[in-house]
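One-letter residues, chain by chain:
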Amino acid sequence: MSKYKDVVVTLSKKHPETSEPVQAGHTYVIGALGSKKKWYEIDTAQLNNFKDEDLQKELYKLLHPQTHH
């Protein structure tokens, strides 16, 4: 079973699919887990407040949503 620590995090100033530049002051946080890839946009100033582990956890939620029964 995968864990959030398995998520590979990449930061980019370009959109992962279109390569369009991100708006000023923002960064794309891209996560890969196996063949799955998700991303979100974050304020670059906020990015400095997060550790890699925080980014991995957030991306893991997007990549591996928990189903509640």
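In this text, all values refer to a predicted model and were calculated from it rather than measured experimentally. (Residues numbered from 1 in each chain as written. Predicted model: local features only at pLDDT ≥ 70, side-chain atom pairs only at ≥ 80, totals over all residues. Heavy atoms only, no water.)

Concerning the overall build of the protein chain
Assigned secondary structure in the protein chain consists of 2 helices and 3 strands. Judged by the C-alpha coordinates and their principal axes, the protein chain covers about 40 × 25 × 20 Å. Expressed as a percentage of its 69 residues, the buried residues of the protein chain come to 28%. Restricting to contacts in the protein chain with at least 6 residues of sequence separation, those with at least 24 account for 39%. Here the protein chain has roughly 5100 Å² of accessible surface; of this, 51% comes from carbon and sulfur atoms. Each charge class in the protein chain can be summarised by its mean position, and for the 10 positive and 9 negative side chains these summaries are 5 Å apart. (Helix = DSSP H or I, 4+ residues; strand = E, 2+ residues; numbered from the N terminus. Buried < 20%, exposed > 50% of the residue type's maximum accessible area, 1.4 Å probe, protein only. Contact = heavy atoms within 4.5 Å. Areas by Shrake-Rupley, 256 points an atom, 1.4 Å probe, with all protein chains shown as cover. Lys, Arg positive; Asp, Glu negative; His and termini not counted. Charge placed at Lys NZ, Arg CZ, Asp CG, Glu CD.)

With respect to the nonpolar core
The biggest cluster of nonpolar side chains holds 10 residues, and these are Val 7, Val 29, Leu 33, Tyr 40, Ile 42, Leu 47, Leu 55, Leu 59, Tyr 60 and Leu 63. Elements with a contribution of two residues or more to this core: β2 (26-33), β3 (36-43) and α2 (52-63). With 4 residues, α2 is the single largest residue contributor to this core. In this view, Tyr 40 contacts Thr 27, Tyr 28, Val 29, Leu 55, Glu 58, Leu 59 and Leu 62; residues no more than four positions away in its chain are not counted. (Core = buried A, V, L, I, M, F, W, Y, C linked by side-chain atoms within 4.5 Å.)

Focus: the pattern of salt bridges
If the charged atoms of two oppositely charged side chains come close together, the side chains can form a pair. All chains considered together, the criterion is met by 3 salt bridges. For Lys 61, the salt bridge is made with Glu 58, and the minimal N-O distance between the two is 3.6 Å. Placement of the pair is Lys 61 and Glu 58 together in helix α2, with a separation of 3 residues, close to one helical turn. The exposure class assigned to Lys 61 is exposed, which follows from its relative accessible area of 54%. Its relative accessible area of 35% is what places Glu 58 among the partly exposed residues. Linked by salt bridges that have partners in common, Lys 5, Glu 53 and Lys 57 make up one network. (Salt bridge = Lys/Arg side-chain N within 4 Å of Asp/Glu carboxyl O.)

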